[in-house]
Amino acid sequence: LRTRDCVDCDLLVQVPGQPIIESSKGMRFGPVLTAYPDCEKHLEEAGLRKRFESDSGRCQWTKIYDFSPSNPPGGNHWSALSRAEAREVAVVLAQPDEVPLLLPRDPFLEGEEEEAGGEVKAKCMEDA
């Protein structure tokens, strides 16, 4: 994922590797917490499941690469959403039949339980 010229955006991402921003400010990132029921099947069919499980494919949503750290000048251009903030963003996009998305990713900064095998357990909003 690479964004450019974005201002005040909240994004929930599940991408292999690091998201990239350029010439942006006020960006807030969090991980995708839930998915539609056939998401796992589609990831497998597209070959993305193996990519996410590789060391370089882990979703590093807390390690945003700022391609232009001095443009626009002044301040941080991005921040990480807390678990509560990510849930608030997810509610806007919620579907009634969502399921937990369990793919390797960075944990929330305030801590999070990990499953066996190093996967971070992303809980549905109903589990919280």
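Computed from a predicted model, the values in this text were never measured in an experiment.

A separate point is the sheet that holds strand 7 (residues 78-80). Spatial ordering of the open sheet is given by 2-4-7, a layout of three strands whose pairing is parallel. Looking along the sheet, the strands with just one partner apiece sit at the ends: strand 2 (10-13) and strand 7. On average, each strand axis in the sheet is inclined to that of its neighbour by 30°, with strand direction left out of account. Summarising the sheet, strand 4 (residues 27-31) and strand 7 pair through three bridges and their orientation is parallel. In the sheet register, F29 faces strand 7, and the bridge partner there is A80. Relative to the sheet, helix 3 (residues 83-93) contacts strand 2, strand 4 and strand 7, its axis offset from that of strand 2 by approximately 90°.

Generally, phi is negative for residues other than glycine and the peptide bonds are trans, each holding for most cases. Backbone torsion omega between N71 and P72 reads -5°, so that peptide bond is classified as cis. For P72, the location among the structural elements is in the loop between strand 6 (65-66) and strand 7. Phi at S23 is positive, roughly 50°, even though this residue is not glycine.

What counts and how
Residues numbered from 1 in each chain as written. Predicted model: local features only at pLDDT ≥ 70, side-chain atom pairs only at ≥ 80, totals over all residues. Heavy atoms only, no water. Pairing = 2+ DSSP bridges. Helix = DSSP H or I, 4+ residues; strand = E, 2+ residues; numbered from the N terminus. Axes fitted to C-alpha atoms, helices over the stretch in contact; angles between N-to-C directions. Contact = heavy atoms within 4.5 Å.

Honestly, it's all geometry; don't read function into it.
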